[in-house]
Amino acid sequence: MKVLKVNDIDIAYDSYGSEKNEAILLIAGLGTQMIRWTVPFCEMLAARGFRVIRFDNRDTGLSTHFSNHATLDFEALANTLMSGKLPDLPYTLDDMADDTIGLLDALGISKAHIVGRSMGGMIAQLVASQYSERVLSLTSIMSTTGNPELPPTSPEVMALMTRPAPNPMEDEGGHLAQSVAFAKRIAGTGHAFEEDEYRSLIREEIQRAYDPGSVGRQIAAIAVSGDRRTRLAKVKVPALVIHGVEDPMFVPACGRDTAEAINDAELMLLEGMGHDLPKQLFETVVDAIERTARRKG
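Criteria and thresholds
Residues numbered from 1 in each chain as written. Predicted model: local features only at pLDDT ≥ 70, side-chain atom pairs only at ≥ 80, totals over all residues. Heavy atoms only, no water. Helix = DSSP H or I, 4+ residues; strand = E, 2+ residues; numbered from the N terminus. Buried < 20%, exposed > 50% of the residue type's maximum accessible area, 1.4 Å probe, protein only. Pairing = 2+ DSSP bridges. Axes fitted to C-alpha atoms, helices over the stretch in contact; angles between N-to-C directions. Contact = heavy atoms within 4.5 Å. Core = buried A, V, L, I, M, F, W, Y, C linked by side-chain atoms within 4.5 Å. Expected span 1.5 Å × (residues − 1). Polar contact = N/O pair within 3.5 Å; in protein donor to acceptor, adjacent residues only side chain to side chain. Phe/Tyr/Trp six-rings, centres within 6.5 Å; stacked < 30°, edge-to-face > 60°. Lys NZ or Arg CZ within 6 Å of the ring centre and 35° of its normal. Salt bridge = Lys/Arg side-chain N within 4 Å of Asp/Glu carboxyl O.

1. Quick word on unusual backbone geometry
Right, on to step 1. At Asp-8, a position not held by glycine, the phi torsion is positive, near 70 degrees.
Right, on to step 2. Here Asp-8 shows up in the loop between strand S1 (2–6) and strand S2 (9–16).
Right, on to step 3. Relative accessible area serves as the criterion here: at 73%, Asp-8 is assigned to the exposed category.
Right, on to step 4. One non-glycine residue, Ser-118, lies in positive phi territory at about 55 degrees.
Right, on to step 5. On the secondary structure map, Ser-118 appears in the loop between strand S5 (112–117) and helix H4 (119–130).

2. So, the sheet that holds S5
Right, on to step 1. Strand order in this open sheet of 8 strands is S1-S2-S4-S3-S5-S6-S7-S8, and the pairing throughout is mixed. Looking at which strands have only one partner, the edges of the open sheet turn out to be S1 and strand S8 (266–270). The average undirected angle you get between the axes of adjacent strands in this sheet is 25 degrees.
Right, on to step 2. The sheet contact formed by S1 and S2 spans 5 bridges and is antiparallel. Residue pairing in the sheet places Val-3 in a bridge with Ala-12 of S2.
Right, on to step 3. Contacting strand S3 (23–27), S5 and strand S6 (135–141), H4 crosses the sheet at an angle of about 150 degrees to S5.
Right, on to step 4. Along the sheet, helix H10 (residues 252–261) makes contact with S6, strand S7 (239–244) and S8, crossing S7 at roughly 175 degrees.

3. What to know about the nonpolar core
Right, on to step 1. One finds Ile-53, Leu-93, Leu-103, Ile-114, Ile-123 and Leu-138 to be the most contacted residues of the largest nonpolar core, which totals 48 residues.
Right, on to step 2. Not counting chain neighbours up to four residues away, the residues in contact with Ile-114 comprise Leu-25, Ile-27, Ala-124, Val-127, Val-135, Ser-137, Leu-138 and Thr-139.
Right, on to step 3. Among the nonpolar cores identified, the runner-up in size contains 27 residues, and Trp-37, Ile-141, Met-273 and Phe-282 belong to it.

4. Describing helix H3 (residues 93–107)
Right, on to step 1. Between the first and last C-alpha of H3 there are 21 Å, a value that for 15 residues agrees with the 21 Å anticipated at 1.5 Å per step.
Right, on to step 2. Looking at H3, one finds that the buried residues are Leu-93, Met-96, Ala-97, Asp-99, Thr-100, Ile-101, Gly-102, Leu-103, Leu-104 and Leu-107.
Right, on to step 3. The opening residue of H3, the one whose side-chain oxygen lies 3.2 Å from the backbone nitrogen of Asp-94, is Thr-92.
Right, on to step 4. A positive phi of about 75 degrees marks Gly-108, the residue just after H3.

5. With respect to the environment of Met-34
Right, on to step 1. In this structure, Met-34 sits in the loop between S3 and helix H1 (39–46).
Right, on to step 2. The exposure class of Met-34 is buried, given its relative accessible area of 2%.
Right, on to step 3. Taking C-alpha positions, Met-34 is 19 Å from Ala-187, a pair spaced 153 residues apart along the chain.
Right, on to step 4. Discounting residues that sit within four places of it in the chain, Met-34 has contacts with Met-1, Ala-12, Tyr-13, Asp-14, Arg-54, Phe-55, Asp-56 and Arg-208.

6. Section: the packing of aromatic side chains
Right, on to step 1. Here the structure, examined in full by the defined rule, presents 4 aromatic pairs.
Right, on to step 2. Taken together, a centroid distance of 5.2 Å and an interplanar angle of 75 degrees make the contact between Phe-41 and Phe-282 edge-to-face. Placement of Phe-41 in helix H1 and of Phe-282 in helix H11 (residues 282–294) is noted, with a sequence separation of 241 residues between them. Accessibility classification places Phe-41 together with Phe-282 in one group, the buried group.
Right, on to step 3. Among the aromatic side chains, those forming a connected cluster through ring pairs are Trp-37, Phe-41 and Phe-282.
Right, on to step 4. Between the NZ or CZ atom of Arg-117 and the centre of the ring of Trp-37, over which it lies, the distance is 4.8 Å.

7. Quick word on the pattern of salt bridges
Any two side chains of opposite charge can pair if their charged atoms end up close together.
Right, on to step 1. Considering all chains together, one arrives at 21 salt bridges under this definition.
Right, on to step 2. Arg-48 is paired through a salt bridge with Asp-287; the nearest N and O atoms lie 2.8 Å apart. With Arg-48 in the loop between H1 and strand S4 (51–55) and Asp-287 in helix H11, this residue pair connects regions lying 239 residues apart in the sequence.
Right, on to step 3. In this structure Arg-48 comes out as partly exposed when scored by relative accessible area, which is 21%.
Right, on to step 4. By relative accessible area, which is 32% here, Asp-287 ends up partly exposed.
Right, on to step 5. Its salt-bridge partner being Arg-203, residue Glu-172 comes within 3.4 Å of it at the nearest N-O pair.

See below:
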């Protein structure tokens, strides 16, 4: 793991495969760290002849955190947005898209394939629409466009996601139990949920960095991002949209809307997949990413 100065903040990253190969940049989701793109997944992609780079978004993992900002008040955020005003936020998704390009600059990479999951998919969409000259292909996984007419996440799932978790330094068991319960709720039923592996992953994230406020700050960044469809219409590179048929966070209509917003995008709906990327689907997803990367725009 290495750290580079990007846009006046630290961005932690690591990479797999030869630096001579075309790069694939993996963008993580809401409040999660780069290790959610697991080593086996990265190695599988690298074996297809790519340089695979994963990194911690700002406010997660070993990248710069914005803990000096007040904890998000969701009710106040909603009221501000409904009044037509913009809240005072430490950063937006556009800033995070700029970080992605800044990391490529710092690494001396002129163009890359951009792959994002969930919130990372939103960031990837912004990168592909705003920095088209830097993007070779786009893969948006279990994400959405910000279209206000799409079905929202259910209140039950939102409540589970935003409920304060026990401090793992004081109650690791309680923290892990809540994390596992939420992960099970949003996972699909088509593949066995690997509870022990997930617990180990959460423990590793806690050991790398624990910041309970980062999720709220990133939710706020998503909330003010708005509808990206007009921007997505400008994407000209080969594009792939992967979505789980059982996704309760962003229902399949969100994936369809994303694919419809991008010219000539391929839509891949996966049966039995929820808002997760189980290891049983790694090869399917890697095949699709490679196929998209090899497409001619």
